[in-house]
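# Overview (structure and organization)
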Amino acid sequence: MEKKKKKILISLLAILLIACATAAGTVYYYLLYPQFHPARTVYVYIDRDDTADSIYNKVKTYGHPTTLTGFRWLAKYRQLEKTIHTGRYPIRPGDNAYHVYSRLSRGYQEPINLTIGSVRTLDRLARSVARQLMIDSAEIAAPLFDPAFQQQLGYNPETMPCLFIPETYQVYWDMSADDFFERMQKEHRKFWNAERLAKAQAIGMSPEEVCTLASIVEEETNNNAEKPTVAGLYINRLHTGMPLQADPTIKFALQDFGLRRISNENLRVESPYNTYTNTGLPPGPIRIPSAKGIDSVLNYTRHNYLYMCAKEDFSGTHNFASNYTDHMANARKYWKALNERKIFK
């Protein structure tokens, strides 16, 4: 009898061990065994409107899992619906259900590269930022064009573009509009260090004035090597009281950036940005200048040039002159090239 009981006990123990091993194997397979097999790391974006169901679908679509059973178990019993965090989450080749669920439920997201471009208008900036972040363009545009907010940051409607330094920044995809502007202020302070501020002061300009001149320089030429020369020419004009006579400011005043040939009629536009009829700098930048453009003003080339004209070879560079006679000779060469190409506006 004792032997029989012992046999039964051993059998039950064996069955229990097999059941435990089976359960452990099942748990391991569905939770810890590599279940996700994308060809490379993919990212799931969770926004404010997502639910547990929509997250399932995103994980399934982008993660290419063998099965979502383990993920569903965790989502159900740990109540994913109550722990949804917005953000950008990676799913890597070889990830298991626990890895993916843990990131999503704990908010362990990865940053993105946010690029602030050298765009011409603030509304374009708002749209560009909105395309890269969870923020809607209206959430960016509202404070961007709010006079009270501008004043709080030390700007006005014309100088607001000076806040931004075109660069690529690492940020979180779900950052708020407030966080975005705080980050831009931080980067602005970092860029305008003591050395750059001292150089601006030596020229007799504020950072906003440097930014404004840099925007004109960058509209005049895409050639980085030429930018300090162009900056020096305009600084010469400012110091001698000559109007800048910068064609890009006319395009900005007309809001017609496609103009290739400025007419006499264009030059009569009534605008504070018309640097043919107004002396000094315009009220603010005509685009958000790059760091390279700003530094070209701060480190401008010393020379005696007062005039420049686009080269007749349409290389994007310029012929420079220190007197009006030489300038007109350069201008006639360029006008002839325009006429030959039938470019009239």
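Criteria and cut-off values
Numbering of residues begins from 1 in every chain and follows the order in which that chain's sequence is written. Local features are withheld for residues below a pLDDT of 70 in this predicted model, meaning they are given only at 70 or higher, and side-chain atom pairs are given and counted only at 80 or more; totals for whole chains, interfaces and linings count all residues. As a rule here, side-chain values cover all heavy atoms of the structure and leave hydrogens and water aside. UniProt positions are given in the numbering used here, feature names are shortened, and annotations may be inferred rather than shown by experiment. By definition, any uninterrupted DSSP run of H or I lasting at least four residues is a helix, any uninterrupted run of E lasting at least two residues is a strand, and each is numbered from the N terminus. Only protein chains enter the accessibility calculation, which uses a 1.4 Å probe. A residue is then buried if its area is under 20% of the maximum for its type, exposed if over 50%, and partly exposed in between. Whether two residues touch is decided by their heavy atoms; if any such pair falls within 4.5 Å, the residues are in contact. Under the convention used here, a 1.4 Å probe and the Shrake-Rupley method define accessible areas, while residue burial counts only the protein chains that appear. Note on geometry: axes are lines fitted to C-alpha atoms, helical ones only across the stretch in contact, with angles between N-to-C directions running from 0 to 180 degrees. The scheme is simple: roughly parallel for angles under 35 degrees, roughly antiparallel for over 145, roughly perpendicular for 65 to 115, oblique for anything else. Gly falls in the polar group here, along with every residue not listed as nonpolar (Ala, Val, Leu, Ile, Met, Phe, Trp, Tyr, Cys, Pro) or charged (Asp, Glu, Lys, Arg). The directions from the helix axis to the C-beta atoms form the arc being described. Two cysteine sulfur atoms make up a disulfide if the distance between them is within 2.5 Å. Take the far helix as the reference: if the near one is turned anticlockwise from it by less than a right angle, the crossing is left-handed, and if turned clockwise, right-handed. The working definition used for a salt bridge is a side-chain nitrogen of Lys or Arg within 4 Å of a carboxyl oxygen of Asp or Glu. Pairing of N or O atoms within 3.5 Å defines a polar contact, subject to two protein rules: one partner must be a possible hydrogen donor and the other a possible acceptor, and residues neighboring in sequence count only if both atoms are side-chain atoms. Within this scheme, the nonpolar core is defined by two criteria: the residues are buried Ala, Val, Leu, Ile, Met, Phe, Trp, Tyr or Cys, and they are joined through side-chain atoms within 4.5 Å. Here the limits of each domain have been adopted from an automatic or database domain assignment.

If you look the chain up in an unreviewed UniProt entry, it shows as Endolytic murein transglycosylase from Bacteroides nordii CL02T12C05. Word for word, the UniProt comment on the chain under Catalytic activity (unreviewed entry) is "a peptidoglycan chain = a peptidoglycan chain with N-acetyl-1,6-anhydromuramyl-[peptide] at the reducing end + a peptidoglycan chain with N-acetylglucosamine at the non-reducing end."

### Points about the overall build of the chain
Looking only at helices and strands, the chain features 14 helices and 6 strands. Residue burial in the chain is summarised as follows: out of 345 residues, 45% are buried. Nonlocal contacts in the chain, meaning residues at least 24 apart in sequence, comprise 64% of its contacts between residues at least 6 apart. Taken as a whole, the chain presents about 18800 Å² of accessible surface, with 51% of it coming from carbon and sulfur.

### Some thoughts on the packing of helix H10 (residues 207-220) against helix H13 (residues 291-298)
Running from N to C, H10 and H13 cross one another at 110°; their axes reach a closest spacing of 8 Å. The pairing of H10 with H13 is recorded here as roughly perpendicular in orientation. Contact residues: Val210, Leu213, Ala214, Val217 and Glu218 in H10; Gly293, Ile294, Ser296, Val297 and Leu298 in H13. When its residues are assigned to classes, the contact of H10 with H13 shows 7 nonpolar, 2 polar and 1 charged.

### Here we look at helix H6 (residues 137-144)
Along H6, the residues classified as buried are Ile140, Pro143 and Leu144. Across the axial projection of H6, the buried residues extend over an arc of 105°, all falling on one side. Residues of H6 that are buried in the fold lie against helix H5 (122-132), helix H7 (147-153) and helix H8 (177-191).

### Observations concerning the state of the cysteines
Summed over all chains, the structure comprises 0 disulfides. With no disulfide partner, Cys211 has as its closest neighbouring cysteine sulfur the one in Cys162, 3.3 Å distant.

### Focus on the packing of H5 against H6
At their nearest, the axes of H5 and H6 sit 8 Å apart, and the two run at 145° to each other. Along this stretch, H5 crosses H6, giving a crossing that reads as right-handed. Only Ser137, Ile140, Ala141 and Leu144 of H6 make contact with H5, whose side of the interface consists of Leu122, Leu125, Ala126, Arg127, Val129 and Ala130. The residue makeup of the contact of H5 with H6, split by class, is 8 nonpolar, 1 polar and 1 charged.

### Considering the pattern of salt bridges
Applying the stated criterion across every chain yields a total of 11 salt bridges. Residue Arg48 pairs with Glu139 through a salt bridge whose shortest N-O separation is 3.2 Å. In this pair, Arg48 is assigned in the loop between strand E1 (42-46) and helix H2 (52-63) and Glu139 in helix H6, connecting sequence segments 91 residues apart. Note on Arg48: relative accessible area 53%, which makes it exposed. Here Lys199 makes a salt bridge to Glu195, at a shortest N to O gap of 3.6 Å. In this pair, Lys199 and Glu195 are both assigned in helix H9 (residues 194-203), 4 residues apart and thus about one turn of the helix distant. Classification of Lys199 by relative accessible area gives partly exposed; the value is 26%. Connected through salt bridges with shared partners, the residues Arg120, Glu219 and Arg287 form a single ionic network.

### Here we look at the side chain of His318
Following the sequence through the fold, His318 ends up in strand E6 (residues 318-321). Classification of His318 by relative accessible area gives buried; the value is 8%. In this structure the side chain of His318 is engaged in a polar contact, spanning 3.5 Å, whose partner is the backbone oxygen of Glu220. Not counting residues within four places of it along the chain, the set of residues in contact with His318 comprises Glu220, Thr221, Glu226, Met308, Cys309, Ala310 and Lys311.

### So, the UniProt feature "site: Important for catalytic activity" (unreviewed entry) in the chain
As recorded in UniProt, the sites labelled "site: Important for catalytic activity" (unreviewed entry) are Glu220. Its place among the elements puts Glu220 in helix H10. Setting aside residues up to four positions removed in sequence, Glu220 forms contacts with Val230, Tyr234, Ala246, Asp247, Pro248, Met308 and His318.

### Overview of the nonpolar core
Counting residues in each nonpolar core, the largest one holds 57 residues, and the members touching the most others are Phe164, Phe180 and Tyr234. The residue makeup of this core includes at least three contributed by each of domain 2 (112-191) and domain 3 (206-303). In this structure, Ile55, Leu80, Ala97 and Leu104 belong to the second largest nonpolar core, which totals 19 residues.

### Overview of helix H12 (residues 247-254)
Of all the positions in H12, only Pro248, Thr249, Ile250 and Phe252 are classed as buried. At its buried positions, H12 is contacted by H10. Where H12 terminates, the next one or two residues include Gln255, which has phi positive at roughly 55°.

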